[in-house]
Amino acid sequence: MNRRNMGKETGGTERCGNVHPLVRIIAGRLVWAFLSLLAVSVIIFAALEMLPGDFARSVLGQSATPEAVAAIRHDLGLDRPAAIRYIEWLSGVLQGDFGTSLSGRGVEGGRSVAELVLPRLGNTFLLALLAMAIAFPLAFLLGLIAAMNRGGRIDRAINSVALAFVAMPEFLIGYLLIYWIAVRAGLLPSLASVGPDTPLAERLMRMILPAATLSLTVIAHILRMTRASLSELFERLWMEALQLKGIPMAIAVRRHALPNASGTIANIFAFNVAWLITGVVVTERVFVYPGIGQLMVDAVTSRDVPVVQACALIFAAVYIGLNLLADIVAIATNPRLLHPR
Amino acid sequence: MGVDARTLVSMRDLVIRRASDDRPVLDGINLRIRSGEVVGLVGESGSGKTTLGLALLGRIRPGLERIRGHVRLEGEDLFSVPAAELAALRTARLGYVAQNALEAFDPAWRLLRQTTEAALLHGLMGERTATNAATSLYGELGLPDPEELGWRYPHQVSGGQLQRIMLAMATLNAPDLIVFDEPTTALDTSTQETVLKAVRRLLRKSGAAALYITHDLSLVTRIAQRICVLHRGRIVEDAPAEEIVHRPRHPYTRALWGVAAGVRRSRPVPEQPLLELRGIRTGYGTGPDILHDVSLQLARGRTLAVVGESGSGKTTLGRVIAGLLPPRAGEMLLDGEPLPPRLKDRTQEMRRRIQFLHQSADGALNPSHDVFMILSRPLALFHELSGRAAQQRAEELLEMVDLPPDILHRRAARLSGGQKQRLALARALAAEPDVLICDEVTSALDAVLRNGILQLLNRIQERTGTAILFITHDLSAVRAIADEMIVMHEGQAVEAGSCADVLKAPQSEHTRRLLAASGAGSSRFMPAGQ
């Protein structure tokens, strides 16, 4: 290729003041993401304040005397103003300290929330990624095939199967899989209760059924999103112009359409990973999998506020972070922003 | 028959119809193009021109189906060759230039790579040869800095340049047949002239045959030896260009010619200007100034044309008046009162008094709304009309723009291009504006429809006294509609005055160039007395 001209071109993209507009836009997005997270932290805190009942009552039970309740509340610092507790909590979080779990406090001086949440979070991430590794390539390929044959018989077949899975609740899919594969065929264990010492091979083996359940629920979504965005792309005039200049459809899709869709594809991927991580509670329940969803449900029941807060904030951070990542991919692959006039 | 006169491509009894409603788009087309022959295809929008052009390349768009007939390229049936072979044929022997080059390039690829892609893919040239050939074609087409241009992305060059790069792409492999689908329609007059000259030069040099599709009969006579007139999916007239010009037989062809009609009668100039701009300077974001010190006056009941090529700032001027782009300096007065620069600072009444009509009615109308919904919104917003009263007023508005009342409950997506532009006009009129800004409203329409809209605007102005700011690059439209005109060039008003004066005795060099570019097209073949 012509080196001289290459030099000219990169020189062209670096003018425009001293900061590339791309950097400015991405910095702006980062700031917004941080502000959104801050807003979410307020909402989480306020929502938990409004929750009826508290840890003291749920520990002491129905017959607790008001004095005993007050004593525990004072002990935990729950009697101080909410604003002060929020700021304390927030400054702790900013330093990486999510506080101490309320349950088990009396017994051994309390476990830190991070200690409780981190292994569970790891489990959930692993499950979500495994599900995505199965679902995404399959769904994307089916979506691509449907989009290329849009309106045709293959498209309609793929779409109706996808719709059927969208309509089926995940616990039903989970129990059906357990019944057929674990109970009837005996191929895989029905429960996925892994511990910290479970060897990796065994762990993955136990995770196959929950991951399959999640995949089946998410495949339909990914497929339909892929089909919609690629169809729109395929109908652009330049896709027709490519065919008219003699580029076969398959090559036009690979060389031109897919690179142009990278922003959208990143978006679909991020959206569904976020959905998997924050939406696995039901599946974790069905398979007794020790993920963060289970932990959060248990913590809500026992009014273990620091744990609930941490879980909710992590969910929010995952959601915002993944969407931010998708946004950045979309911005960084937009030729208009990449190569300004 | 000599060697040159052999048939290159033939279309026999081709019938293509819409799959959804069985409506025929092409209804039994017979067409033969000999080697090296340039055939013009003229027709209004919706006549099937593009479908015919694409069929010549073996392409039928989704949603259409071929009922019968075939297209043969030297005996080879394009509808029955295998896909791989068709792709190779398209690269080596067929060329295509789309109407809208802005949308015909992959936005993420450099232009040179797109120009040479097909040649490299099918192994017609090596990379170095292809690059050199493309670069020298860019130069021949009068593109600036051809060495560097190919390294840019589509959004980094202008519409006229993209159109010429598309010409280069279509001719790189020395095809036998090139289909031009309205290659100059979206361009301004002087760019149009440059592209047209480039097309002529390329055709003469390469000796390729061509089908040149357009709605502009006077333009096609300058390029084609034979002209076919397409009307509702049928070729109603097929004759040498000379004959179409001097002895048009079909009534539709005669209607196409009768377009330059309607010269404005002069009217007294009212004393006080309705809208006045003083020393407007503006630009986008932190970029350079697009407009430098532009002033103008528009009086009640008058039409002021703002003329210039693309990039001259005329659309920006419209946006400033509409309140979409605040000026950096200067002031605007409406009836002597200062007009706030931003739309959000204007009162409801000010918004009602200034209405904007877009170039693309397609983009300005919600396709899933029906006609009544579209008209009832301004009626409710500005005049608090609803129910029976709104319906009655909507019907009056439709009548005002010559649309039948029975389309009131049809969705906008189901209207034709001309109907949509009329509907957009009716919506603007629903506000009963004092000033109507028309931004290139006729440039996407064919000659017959354009003439209709111009006459309509004249009639409406007579009835309502609305002042019109008519932004255009089309001087023949200016003749038909405007009282005064200003000529824009690089963000400055280089000339202003009454239309009669400016058109008769232009003062600025730039105006003379614009006139020369458009005059060549309209006067030469215009039959007298029409």
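Rules used throughout
Residues numbered from 1 in each chain as written. Chains lettered and ligands numbered in written order. Predicted model: local features only at pLDDT ≥ 70, side-chain atom pairs only at ≥ 80, totals over all residues. Heavy atoms only, no water. Helix = DSSP H or I, 4+ residues; strand = E, 2+ residues; numbered from the N terminus. Rg over C-alpha atoms; globule rule 2.2 N^0.38 Å. Buried < 20%, exposed > 50% of the residue type's maximum accessible area, 1.4 Å probe, protein only. Contact = heavy atoms within 4.5 Å. Areas by Shrake-Rupley, 256 points an atom, 1.4 Å probe, with all protein chains shown as cover. Lys, Arg positive; Asp, Glu negative; His and termini not counted. Charge placed at Lys NZ, Arg CZ, Asp CG, Glu CD. Domains from an automatic or database assignment. Salt bridge = Lys/Arg side-chain N within 4 Å of Asp/Glu carboxyl O. Polar contact = N/O pair within 3.5 Å; in protein donor to acceptor, adjacent residues only side chain to side chain. Nonpolar A, V, L, I, M, F, W, Y, C, P; charged D, E, K, R; others polar. Pairing = 2+ DSSP bridges. Axes fitted to C-alpha atoms, helices over the stretch in contact; angles between N-to-C directions. Parallel < 35°, antiparallel > 145°, perpendicular 65-115°, else oblique. Left-handed = near helix turned anticlockwise from the far one by under 90°.

1. Quick notes on the overall build of chain B
Here comes step 1: Assigned secondary structure in chain B consists of 20 helices and 20 strands.
Here comes step 2: The C-alpha atoms of chain B give a radius of gyration of 24 Å, which matches the 24 Å a tight globule of 530 residues would have.
Here comes step 3: Taking the principal axes of its C-alpha atoms as reference, chain B extends roughly 70 × 50 × 45 Å.
Here comes step 4: Looking at chain B residue by residue over its 530 residues, the buried ones come to 56%.
Here comes step 5: Pairs at least 24 apart in sequence give 69% of the contacts found in chain B among residues at least 6 apart.
Here comes step 6: Roughly 22100 Å² of accessible area belongs to chain B as shown, and the carbon and sulfur atoms make up 48% of that amount.
Here comes step 7: Here chain B carries 65 positive and 61 negative side-chain charges, and the mean point of each set is 2 Å from the other.

2. Focus: the domain arrangement of chain B
Residues and elements named next belong to chain B.
Here comes step 1: When its domains are assigned, chain B resolves into domain 1 (7–257) and domain 2 (274–316 + 326–484).
Here comes step 2: If you average the C-alpha positions of domain 1 and of domain 2, the two centres end up 34 Å apart.
Here comes step 3: Opposite the ten residues of domain 1 that make contact, domain 2 presents ten residues.
Here comes step 4: In this assembly, domain 1 and domain 2 are joined by zero salt bridges.
Here comes step 5: On inspection of domain 1 and its partner domain 2, the count reaches zero residue pairs in polar contact (both at pLDDT 80 or more).
Here comes step 6: Counting residues per element, the ones that place at least two in the side of domain 1 that touches domain 2 are α7 (189–206) and α10 (251–257).
Here comes step 7: Taken together, the residues that form the side of domain 1 that touches domain 2 break down as three nonpolar, five polar and two charged.

3. Some thoughts on the sheet that holds strand β19 (residues 484–489) of chain B
All names here are of chain B.
Here comes step 1: What the six strands build is an open sheet, ordered β16-β17-β18-β13-β19-β20; its pairing is mixed. Of all strands in the sheet, those bounded by a partner on one side alone are β16 (354–357) and β20 (492–498). The average undirected angle you get between the axes of adjacent strands in this sheet is 15°.
Here comes step 2: Bridge count between strand β13 (residues 303–307) and strand β18 (residues 467–472): five bridges; the pairing is parallel.

4. Comments concerning the sheet that holds strand β8 (residues 209–214) of chain B
Backbone-to-backbone hydrogen bonds join strands into a sheet, with any given pair of strands oriented parallel or antiparallel.
All names here are of chain B.
Here comes step 1: Taken together, the six strands give an open sheet; going across it, the order is β6-β7-β8-β3-β9-β10, and neighbouring strands pair in mixed fashion. With partners counted over all chains shown, the strands left at the sheet margins are β6 (94–97) and β10 (234–240), one partner each. Averaged over all pairs of adjacent strands, the angle between their axes in this sheet comes to 15°, without regard to strand direction.
Here comes step 2: Relative to β10, strand β9 (residues 226–231) runs antiparallel, the two being bridged by six bridges. By the bridge assignment for β10, Arg-226 is matched with Pro-240.
Here comes step 3: Helix α1 (residues 49–56) contacts β3 (38–42), β6, β7 (177–181), β8 and β9 of the sheet and is inclined by roughly 160° relative to β8.
Here comes step 4: Set on the sheet, helix α2 (residues 83–93) makes contact with β6 and β7; between it and β6 the angle comes to about 75°.

5. Examining helix α11 (residues 237–244) of chain A
Residues lying three or four places apart along an α-helix face the same way, a consequence of the helix completing one turn every 3.6 residues.
Residues and elements named next belong to chain A.
Here comes step 1: Taking burial as the measure, the eight residues of α11 include seven buried ones, the bulk of the element.
Here comes step 2: For α11, every residue scored as buried is listed here: Trp-238, Met-239, Glu-240, Ala-241, Leu-242, Gln-243 and Leu-244.
Here comes step 3: Positioned one or two residues after α11, Gly-246 has a phi angle of 100°, which is positive.

6. Observations concerning the packing of helix α2 (residues 21–50) of chain A against helix α15 (residues 305–332) of chain A
All names here are of chain A.
Here comes step 1: At a minimum axis distance of 10 Å, the contact between α2 and α15 shows a crossing angle of 160°. Between α2 and α15, the angle is such that the two are roughly antiparallel. The handedness of the crossing between α2 and α15 is right-handed.
Here comes step 2: Here the residues of the contact of α2 with α15 sort into 21 nonpolar, three polar and two charged.

7. Here we look at the pattern of salt bridges
Here comes step 1: Applying the stated criterion across every chain, the model contains 44 salt bridges over all chains.
Here comes step 2: Of the charged contacts, one joins Arg-29 of chain A and Asp-327 of chain A as a salt bridge, the two residues approaching to 2.9 Å between their closest N and O atoms. Of this pair, Arg-29 of chain A sits in helix α2 while Asp-327 of chain A sits in helix α15, placing them 298 residues apart in sequence.
Here comes step 3: Judged by relative accessible area, which is 33%, Arg-29 of chain A ranks as partly exposed.
Here comes step 4: Asp-327 of chain A sits in the partly exposed class, given a relative accessible area of 27%.
Here comes step 5: Glu-140 of chain B is the partner of Lys-205 of chain B in a salt bridge, and the nearest nitrogen-oxygen pair spans 2.8 Å. Linking Lys-205 of chain B in helix α7 with Glu-140 of chain B in helix α4 (residues 127–140), this pair joins segments that are 65 residues apart in sequence.
Here comes step 6: In this structure Lys-205 of chain B comes out as exposed when scored by relative accessible area, which is 59%.
Here comes step 7: Through salt bridges with shared partners, one network takes in Arg-6, Glu-74, Arg-93 and Asp-176 of chain B.

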